[in-house]
Amino acid sequence: MAEVTLKDLAKVYPGNVKAVKNIELEIQDREFMVLVGPSGCGKSTTLRMIAGLEEITEGSVSIGDRIVNDVPPKDRDIAMVFQNYALYPHMTVYDNMAFGLKLRKFKKADIRKRVMDAASILGIEDFLERRPKQLSGGQRQRVAVGRAIVRKPEAFLFDEPLSNLDAKMRVQMRAEISKLHTQLETTMIYVTHDQTEAMTMGDRICVMKDGDIQQVADPITLYDSPANLFVASFIGTPPMNFFHGTIEQQSDGLFFKEETFTIKILDEWKEKLTPFVGKKITFGIRPEDICWAKAGDDQFPKVKAEIEVIEPMGSETYLYVNTGVHSFIARVEAQRRFKVGETIELPFFLPKAHLFCGETEDIII
């Protein structure tokens with residue numbers, strides 16, 4: 001079993017700098033878990049504690065049924081793939097991949113079989129006699145992954161492995177690593193700051209901020225049901241739009257009111273929002289849930305805004321608009337034609353909107 005369990009795990013650097021704050025996380029056997037968050041959130045530090053490259057201040061790391069806090073990295077039965085590849089420049093690709101097995105005194109025939117099997121999986125059989133400087137970035141990354149594969153570890157750890165690649169190669173390598181996970185049927189823990197990588201690769205995603213876990217869930221749950229304002233703002237491209245205002249009670253129902261517009265809330269939200277009457281609330285709605293419509297269409301509440309920037313994306317178009325006080329983004333059909341400076345009415349599809357507490361930033365709706 002390659003279940004990885006973090007219990008009350010913490011890392012404190014000199015000066016009482018708390019990089020990781022007593023986190024609890026269970027990574028299931030054969031799961032692809034992604035740790036995601038902005039720079040400095042503690043994700044790489046967490047990964048390095050799992051690997052044994054960073055000393056644990058408090059708590060424990062278990063791999064399988066054993067606590068590995070005091071186990072050297074080489075004895076943890078994990079393999080790590082780094083951002084900078086960490087290949088030996090004077091060795092051939094074959095020797096780079098075989099090096100760890102040679103240190104463990106594997107027989108030459110076993111080493112060759114493992115290296116050739118890994119090279120076949122990754123499509124690098126033709127590069128085995130080359131040195132790293134003769135390879136492209138994507139090829140070097142495949143070699144680094146291959147070096148990990150040959151060890152047949154209980155778990156693979158990836159520390160932002162694609163950040164040095166160009167955009168096209170990142171997309172290709174994302175697919176290859178996901179395919180590799182399916183083939184190898186092993187536990188993978190993957191660190192990235194790129195939420196697109198997280199959404200497209202992870203079985204589950206652990207969103208981190210300031211050393212704390214904000215939410216752990218599958219990609220669709222994170223997108224549709226964020227636990228708080230931070231998760232809602234971090235997950236999704238373009239990001240969710242936010243408007244700060246208050247909930248007001250009027251004779252015909254409850255309303256969300258901000259500086260430039262007022263929206264009547266849905267009847268089914270009334271029970272949850274009544275305690276927040278008069279209090280600060282953040283209204284959030286994703287760009288795809290703001291739909292351009294002709295004037296007079298009263299199906300949804302509309303917000304009037306002026307178009308500032310138009311971004312045609314081929315299959316869709318992003319409109320950057322301004323209400324006179326606030327800017328936000330709408331994602332509309334590519335077939336629609338707009339002009340910068342044009343004022344339009346944008347219906348908000350309320351069933352997909354979210355409301356967050358102004359004080360705690362936790363989700364209400």
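Please refer to the structure higher up on the page.
A few points on the structure. Every value quoted in this text rests on a predicted model; they were computed, and no experiment measured them.

1. Concerning the overall build of the chain
Argument step 1. In terms of helices and strands, the chain carries nine helices and 19 strands.
Argument step 2. For the C-alpha atoms alone, the extent of the chain along its principal axes is close to 80 × 45 × 35 Å.
Argument step 3. A total of 365 residues make up the chain; the buried ones form 48% of that total.
Argument step 4. Partitioning the contacts of the chain with sequence separation of at least 6, the portion at a separation of at least 24 is 65%.

2. Remarks on the environment of Gly 358
Argument step 1. Within the secondary structure layout, Gly 358 lies in the segment after β19 (354–357).
Argument step 2. Counting along the chain gives 75 residues from Gly 358 to Phe 283, while the straight-line C-alpha distance between them is 9.6 Å.

3. Let's talk about the sheet that holds strand β16 (residues 316–322)
Argument step 1. As summarised here, the arrangement of the four strands in space is β17-β16-β15-β18, forming an open sheet in which the pairing is antiparallel. Pairing within the sheet leaves two strands with one partner each, and these edge strands are β17 (327–333) and β18 (343–347). Strand-to-strand twist of the sheet, defined as the mean angle between neighbouring strand axes without regard to direction, takes the value 50°.

4. A few points about the nonpolar core
Argument step 1. Core analysis: the biggest nonpolar cluster contains 47 residues, and Met 97, Val 115, Phe 158, Tyr 190 and Val 207 have the highest contact counts within it.
Argument step 2. Those residues in contact with Tyr 190, other than ones at most four positions away along the chain, are Phe 32, Met 33, Val 34, Leu 35, Phe 158, Pro 161, Leu 162, Ile 177, Glu 197 and Met 201.
Argument step 3. Membership of the second largest hydrophobic core comes to 33 residues, among which are Leu 254, Ile 263, Leu 273 and Ala 330.

5. Let's talk about the layout of surface pockets
Over the atoms, a rolling probe the size of a water molecule traces out where space has been left empty.
Argument step 1. Volume-wise, the largest pocket comes out at about 500 Å³.
Argument step 2. Met 80, Phe 82, Arg 104, Arg 147 and Arg 151 are, among the 21 residues lining the largest pocket, the residues nearest its centre.
Argument step 3. Listing elements by their share of the lining of the largest pocket, those giving two or more residues are β6 (78–81), α2 (93–103) and α4 (137–149).
Argument step 4. No other element matches the five residues that α2 contributes to the lining of the largest pocket.
Argument step 5. A per-class count over the lining of the largest pocket returns 15 nonpolar, two polar and four charged.
Argument step 6. Approximately 160 Å³ is the volume attributed to the second largest pocket.
Argument step 7. Lining the second largest pocket we find Arg 114, Asp 117, Ala 118, Ile 121, Ile 149, Val 150, Lys 152, Pro 153, Phe 156, Leu 184 and Thr 186.
Argument step 8. For the lining of the second largest pocket, the element with the highest residue contribution is helix α3 (residues 108–122), accounting for four residues.

6. Let's talk about the pairing of strand β3 (residues 32–36)
Argument step 1. Counting buried positions along β3 gives five out of five residues, so the element sits mostly inside the fold.
Argument step 2. Side-chain alternation along β3 places Phe 32, Val 34 and Val 36 on one buried face and Met 33 and Leu 35 on a second face that is also buried.
Argument step 3. Pairing between β3 and strand β8 (residues 187–192): five bridges, direction parallel. Directly across from Val 34, in β8, lies its bridge partner Tyr 190.
Argument step 4. Direction of pairing for β3 relative to strand β9 (residues 204–209): parallel, over a ladder of four bridges. Within β9, the residue paired with Met 33 across the bridge is Arg 204.

7. Some details on empty space enclosed by the protein
Argument step 1. Summed over all chains, the structure comprises one cavity of 30 Å³ or more.
Argument step 2. Leu 122, Val 145, Met 173, Glu 176, Ile 177 and Leu 180 are the residues that line the largest cavity.
Argument step 3. Among the elements that make up the lining of the largest cavity, the one with the highest residue count is helix α5 (residues 167–184) (four residues).
Argument step 4. Looking at the lining of the largest cavity residue by residue, the class counts come to five nonpolar, no polar and one charged.

Parameters at a glance
- Residues numbered from 1 in each chain as written.
- Predicted model: local features only at pLDDT ≥ 70, side-chain atom pairs only at ≥ 80, totals over all residues.
- Heavy atoms only, no water.
- Helix = DSSP H or I, 4+ residues; strand = E, 2+ residues; numbered from the N terminus.
- Buried < 20%, exposed > 50% of the residue type's maximum accessible area, 1.4 Å probe, protein only.
- Contact = heavy atoms within 4.5 Å.
- Pairing = 2+ DSSP bridges.
- Axes fitted to C-alpha atoms, helices over the stretch in contact; angles between N-to-C directions.
- Core = buried A, V, L, I, M, F, W, Y, C linked by side-chain atoms within 4.5 Å.
- 1 Å grid on protein atoms, 1.4 Å probe; cavity = no way out; pocket = protein on both sides within 12 Å on 5 of 7 lines; lining within 4 Å.
- Points joined across faces, edges and corners; volume = space filled by probe spheres on them.
- Nonpolar A, V, L, I, M, F, W, Y, C, P; charged D, E, K, R; others polar.

Coordinates in, geometry out; function isn't part of it.
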